[in-house]
Amino acid sequence: MSYLGEAFIRGVGRPGPPAPNGMDLHNPFGQQMWERIHAEIGSGWFLDGFLYLFGEGLDALDPCLEAWSFLLDPGHERMIVGRNAYGALLVVEDAAEQGWVAPVGLLNPLEVHYFRDPELNFSSLIGTWLPERRLPGFHDSSLYDAWNEVTKQRLDLGEGLVIKEPLSLGGTMEAGNFDIEELVPYYRSTGPIYRSALEKKP
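## Regarding the environment of threonine 151
Relative to the assigned elements, threonine 151 resides in helix 6 (residues 142–151). Spatially, the C-alpha atoms of threonine 151 and proline 63 are 29 Å apart, while their sequence positions differ by 88 residues.

Structure below.
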């Protein structure tokens, strides 16, 4: 097994349940590298349903990127490759051009923020950022775990345990500040509100 595969499995585990590979980087070398790693780590639901990574169906969430385009630089091709239970989206940028080392961003509704880092790319996402839990605001599953323990349920791919008042606007990580909603309508309804709020911040 490769170093990346070992690191990912050690930090994230294996999918349960798995889902078919949903990723096409549109880059021959990058896709070849990804398929080798995918054979080792798989795709689907991880961490008791808290994460959904690399599987089929994520393209249905593409309208979320359009709805929150006010946080994104124009002129990039973007593909969603994962999400957590709070509706945060992992996004690969310009994969057709950059393939295996394409930049990755994190669209985070907890903070209404798009996070990028020069060292965060598709390869390092798998081998470092996910297994070492470096992505800010992406890995804290405590509220989801408490909800899951009480309800004995899991979220569907298109659903999220989403925040009502973001942390950056004074909200808190408490159960009363979260609702279960469909992610696309959530992003569409909150987009104009958060755009306006951010424009008014000093």
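## Here's the deal with the packing of aromatic side chains
Evaluation of the coordinates by the stated rule reveals 16 aromatic pairs. Taken together, a centroid distance of 5.8 Å and an interplanar angle of 55 degrees make the contact between tyrosine 86 and phenylalanine 178 tilted. Here the residue tyrosine 86 occupies a position in the loop between strand 3 (78–84) and strand 4 (89–93), and phenylalanine 178 occupies one in strand 8 (residues 178–182), the gap between them amounting to 92 residues. Among the aromatic residues, ring-to-ring pairing joins Phe8, Trp34, Phe46, Phe54, Trp100 and Phe122 into one connected group.

## Points about helix 1 (residues 3–12)
Of all 10 residues in helix 1, seven are buried, a share of seventy percent or more. When helix 1 is considered as a whole, its buried residues turn out to be Leu4, Gly5, Ala7, Phe8, Ile9, Gly11 and Val12. On the buried face of helix 1, the contacting elements are helix 2 (28–41), strand 1 (44–46), strand 2 (51–53) and helix 5 (122–129). Glycine 13 lies just past helix 1 and shows a positive phi near 90 degrees.

## Topic: the packing of helix 1 against helix 2
For the pair helix 1 and helix 2, interaxial distance at closest approach is 9 Å and the crossing angle is 40 degrees. Our classification of the angle between helix 1 and helix 2 gives oblique. Pair helix 1 / helix 2 crosses with right-handed handedness. Every residue of helix 2 that contacts helix 1 at Leu4, Gly5, Phe8 and Ile9 is listed here: Ile37, Glu40 and Ile41. In the contact of helix 1 with helix 2, the residues fall into five nonpolar, one polar and one charged.

## What about helix 6?
Listed in full, the buried residues belonging to helix 6 are Leu143, Tyr144, Trp147 and Asn148. End-on view of helix 6: buried residues confined to an arc of 135 degrees, all on one side of the axis. In helix 6, the exposed positions that point more than 90 degrees away from the buried face belong to Glu149 and Val150. Note on helix 6: the residue one or two positions beyond its end, lysine 152, has a positive phi of about 60 degrees.

## Focus: the pairing of strand 5 (residues 103–108)
For strand 5, the tally of buried residues reaches six of six residues, placing the bulk of the element in the interior. By the alternation rule, side chains of strand 5 split into Pro103, Gly105 and Leu107 and Val104, Leu106 and Asn108, which are all buried. Pairing of strand 4 with strand 5 involves four bridges; the strand directions are antiparallel. By the bridge assignment, leucine 89 is partnered in strand 5 with leucine 107. In the sheet, strand 5 pairs with strand 6 (residues 113–121) via five bridges, with the strands oriented antiparallel. The residue bridging glycine 105 from the neighbouring strand is arginine 116, located in strand 6. Where strand 5 folds back on strand 6, the antiparallel hairpin that results is connected by four residues, among which valine 112 adopts a positive phi of roughly 50 degrees.

Thresholds applied
- Per chain, the residues get numbers from 1 upward, laid out in the order the sequence is written.
- Only residues with pLDDT of at least 70 are given local features in this predicted model, and only at 80 or more are side-chain atom pairs given and counted; all residues enter the totals for whole chains, interfaces and linings.
- Hydrogens and water molecules were not included; the side-chain quantities draw on all heavy atoms of the structure.
- Counting from the N terminus, the helices are the DSSP runs of H or I reaching at least four residues and the strands are the DSSP runs of E reaching at least two.
- Whether two aromatic rings pair depends on their centres lying within 6.5 Å, for rings of Phe, Tyr and Trp, where Trp uses its six-membered ring; planes under 30 degrees apart make the pair stacked, over 60 edge-to-face, and the rest tilted.
- Residue exposure (1.4 Å probe, protein chains only): buried if accessible area is under 20% of the type maximum, exposed if over 50%, otherwise partly exposed.
- Contacts are assigned to residue pairs that have any heavy atoms within 4.5 Å of one another.
- To obtain each axis, a line is fitted to C-alpha atoms, and for helices this fit is confined to the stretch in contact; angles are then taken between N-to-C directions over 0 to 180 degrees.
- The cut-offs work like this: below 35 degrees is roughly parallel, past 145 is roughly antiparallel, 65 to 115 is roughly perpendicular, and the gaps in between are oblique.
- In this scheme the crossing of two helices becomes right-handed for a clockwise turn of the near helix relative to the far one and left-handed for an anticlockwise turn of less than a right angle.
- Residues are grouped as follows: Ala, Val, Leu, Ile, Met, Phe, Trp, Tyr, Cys and Pro are nonpolar; Asp, Glu, Lys and Arg are charged; every other residue, Gly included, is polar.
- Starting at the helix axis, one direction is taken to each C-beta atom, and the arc is that of these directions.
- Two strands are said to pair when DSSP picks up at least two bridges between them.

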